[in-house]
Amino acid sequence: MSHPRTAVIGAGISGLTTAKMLSDYGIPYTCYEMSDGVGGNWAFGTKGGHSGAYRSLHIDTSKHQLSFKDYPMPEEYPDFPHHSLIRQYLEGYADAFDLKRNIEFETAVDEADPLPGGGWRLTTRDGTARTFDALVVANGHHWDPRLPEFAGHFAGDVLHSHSYVDPFAPLDLHGKRILVVGLGNSAADIAVELSSRSLRNTVTLSTRSSAWIVPKYIAGVPADKYYRTSPHLPFSWQRRMARLGPLITTGRPERYGLPTPDHHFFEAHPTQSSDLPLRLGSGDILPKPDVSSVDGTTVTFADGSSAEFDVLLCATGYNITFPFFAPDVVAAPDNRIRLYKRIFAPGTDDLLFVGLAQATPTLFPFVEAQARLVAAYLGGHYRPPEPDEMERVIDADHRKYLGHMNDRPRHTQQVDYFLYEHDLRTRELRDGRARVDASGPVTLGAAQGGGVGA
Ligand SMILES: Cc1cc2nc3c(=O)[nH]c(=O)nc-3n(C[C@H](O)[C@H](O)[C@H](O)COP(=O)(O)OP(=O)(O)OC[C@H]3O[C@@H](n4cnc5c(N)ncnc54)[C@H](O)[C@@H]3O)c2cc1C
């Protein structure tokens, strides 16, 4: 079987692991990367990239959970490496597997159009068009800022966490009245950083749903080393048992002034921060409920209180966006997109996605597992089920991974890495191999049709 000529959009962790696995299977590919380096989100300051990292960012996942299976993290790395070390690690990965020779840097894909007989035409920013038999989309989903819609108009500065660099860039944030909106990891990090007394800011943190806060260490061990779901026990039992976690570590969020969460632990992302409870408990950050309205520089909260602010810093998440697809080809309204194993678009054999998930506890080995399946597919060793079976499994996976989560755009792609990886390794690859033996591999280039969306 001749291998399909494959295009990969993006050279972050998703694109790099895909490139590595395609190389392993001898599948010819070109990887397009719009910035001048590898690493995506972890390539802070790269020319032409869209990294959402800020200067002080340390990864929240410990290096023990983060390592790719094919390329361990260096022993000498600290438990929670700085983003610059993650970038070095990804550079090392690209060099170790000689991936850069197939990456076209500073080459943004502006259009990806399905061809009538199957395959894709990709047009890059310089106007060049090339055709491919298959397309792997690995463009990331942490770069298109989602801003809240408040009643009224705010007259001060508004900044999304994606643009935040440090207390002096892009805005001078000292001596300011700052409202941080959101209570995810970025909100916690940035509120803690800006509330340092040396900056003379007053920092208020507003949250709609509140959050369970988990520490980075428990008894001197990185907290996520305790996280390990088992495929042999019902997931719902394990989630119930996990509810004890925050109660015996950080305690209920109300203890340090946050509103009562509108969900149980693990029904929304917990926020990892050892510093936030201390800052709240020290009076350096003032907790508030949801914003109910805005008028000039006055913000009124759901509890009826109001205060004046100079800056709204919104750490309110991201939209899933594919600017290179026409909306009738692929769209993700409200961050919803139906994908089998979060990879395959039912009915469109030559289009694959990698990294379009929010995997607990980390995305790194998760995308590696996805990339392995993608390469097995394009190499003719794996065949997915028929579209109607894919749709049935998408619904079942949705109930399994999302049925208990808050129904918000932030939680549309939740997956448990351990359960997902176990399923791919022990069942999906085997069943897909059996389907190849029975029906042969999927031949790419045949007429495709339809669109992909919610
Ligand atoms: C502040 C922050 C903290 C995070 N912390 C963690 C953490 O602790 N643990 C964890 O597991 N995850 C964390 N994440 C999630 C993080 O996004 C992922 O770990 C990872 O970066 C996603 O990799 P990716 O390759 O899918 O996307 P990206 O890293 O976004 O890479 C996508 C690449 O595609 C390129 N690209 C996009 N569009 C085009 C185009 N049209 N043409 C050519 N190239 C294109 C981009 O330039 C980029 O290089 C964090 C995210 C943020 C924003």
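Structural data are supplied above this passage.
A brief look at the structure comes next. All figures in this text were calculated on a predicted structure; none of them were measured in a lab.

### Here's the deal with helix H10 (residues 417-439)
Okay, step 1: The largest bend in H10 is about 45°, located at Leu424.
Okay, step 2: Of the residues that open H10, the one with a side-chain oxygen 3.1 Å from the backbone nitrogen of Phe418 is Asp416.
Okay, step 3: Gly440, located one to two residues past H10, shows a positive phi value of around 85°.

### Brief notes about the pairing of strand E5 (residues 120-124)
Okay, step 1: Buried residues dominate E5, accounting for four of its five residues.
Okay, step 2: Bridge analysis of strand E4 (residues 109-114) against E5 gives five bridges, and the strand direction is antiparallel. Following the sheet pairing, Asp113 is matched in E5 by Arg121.
Okay, step 3: Between the end of E4 and the start of E5, which pair antiparallel, lie five residues, with Gly118 showing a positive phi angle near 105°.
Okay, step 4: Two elements, E5 and strand E6 (residues 129-132), share four bridges in a ladder whose sense is antiparallel. What sits directly across from Thr123, in E6, is Ala129.
Okay, step 5: In this antiparallel pair of consecutive strands, E5 and E6, the connection spans four residues, and Gly127 shows a positive phi of 90°.

### Here we look at the sheet that holds strand E2 (residues 29-32)
Okay, step 1: Taken in spatial order, the six strands make up an open sheet running E3-E2-E1-E7-E24-E23, and their pairing is mixed. The open sheet has two edge strands with one neighbour each: strand E3 (103-104) and strand E23 (344-345).
Okay, step 2: Pairing geometry for strand E1 (residues 6-9) and strand E7 (residues 134-137), over four bridges, is parallel. If you follow Ala7 over to E7, its bridge partner there is Leu135.
Okay, step 3: Contacting E1, E7, E23 and strand E24 (348-353), helix H8 (residues 364-378) runs over the sheet at an angle of about 155° to E24.

### Considerations on the pattern of salt bridges
Okay, step 1: Tallied over the entire structure, the rule returns 28 salt bridges.
Okay, step 2: Taking the shortest distance from any N to any O, the salt bridge between Glu106 and Lys47 comes out at 3.0 Å. Of this pair, Glu106 sits in the loop between E3 and E4 while Lys47 sits in the loop between E2 and helix H2 (63-66); the two residues are 59 residues apart in sequence, bridging distant segments of the chain.
Okay, step 3: Taking relative accessible area as the criterion, Glu106 reaches 47% and is therefore assigned partly exposed.
Okay, step 4: Here Asp395 and Arg338 are joined by a salt bridge, their closest N and O atoms 3.0 Å apart. With Asp395 in helix H9 (residues 387-402) and Arg338 in the loop between strand E22 (318-319) and E23, the pair connects residues that are 57 residues apart, well separated along the chain.
Okay, step 5: We classify Asp395 as partly exposed; its relative accessible area is 33%.

### A look at the site of the ligand
Okay, step 1: In the vicinity of the ligand, 29 residues are found, and the nearest of them are Ser14, Glu33, Asn41, Thr61 and His142.
Okay, step 2: In the model, a nitrogen atom of the ligand is placed 3.5 Å from a nitrogen or oxygen of the Tyr32 main chain.
Okay, step 3: Burial of the ligand by the protein amounts to 93% of the accessible area it has alone, namely 990 Å².
Okay, step 4: Class assignment for the residues of the shell around the ligand results in 13 nonpolar, 14 polar and two charged.

### Observations concerning unusual backbone geometry
Okay, step 1: With an omega dihedral of 0°, the bond running from Ala169 to Pro170 counts as a cis peptide bond.
Okay, step 2: With respect to the helices, strands and loops of the structure, Pro170 is situated in the loop between strand E10 (157-160) and strand E11 (177-181).
Okay, step 3: The amide bond that connects Thr360 to the next residue, Pro361, takes the cis arrangement and shows omega of 5°.
Okay, step 4: Position of Pro361 among the secondary structure elements: in the loop between strand E25 (358-360) and H8.
Okay, step 5: You will see that Asp334, though not glycine, has its phi angle at about 55°, which is positive.

Rules used in this analysis
- Residues numbered from 1 in each chain as written.
- Predicted model: local features only at pLDDT ≥ 70, side-chain atom pairs only at ≥ 80, totals over all residues.
- Heavy atoms only, no water.
- Bend = angle between axes of the 7 residues up to and from the residue.
- Helix = DSSP H or I, 4+ residues; strand = E, 2+ residues; numbered from the N terminus.
- Polar contact = N/O pair within 3.5 Å; in protein donor to acceptor, adjacent residues only side chain to side chain.
- Buried < 20%, exposed > 50% of the residue type's maximum accessible area, 1.4 Å probe, protein only.
- Pairing = 2+ DSSP bridges.
- Contact = heavy atoms within 4.5 Å.
- Axes fitted to C-alpha atoms, helices over the stretch in contact; angles between N-to-C directions.
- Salt bridge = Lys/Arg side-chain N within 4 Å of Asp/Glu carboxyl O.
- Near = heavy atom within 4 Å.
- Areas by Shrake-Rupley, 256 points an atom, 1.4 Å probe, with all protein chains shown as cover.
- Nonpolar A, V, L, I, M, F, W, Y, C, P; charged D, E, K, R; others polar.

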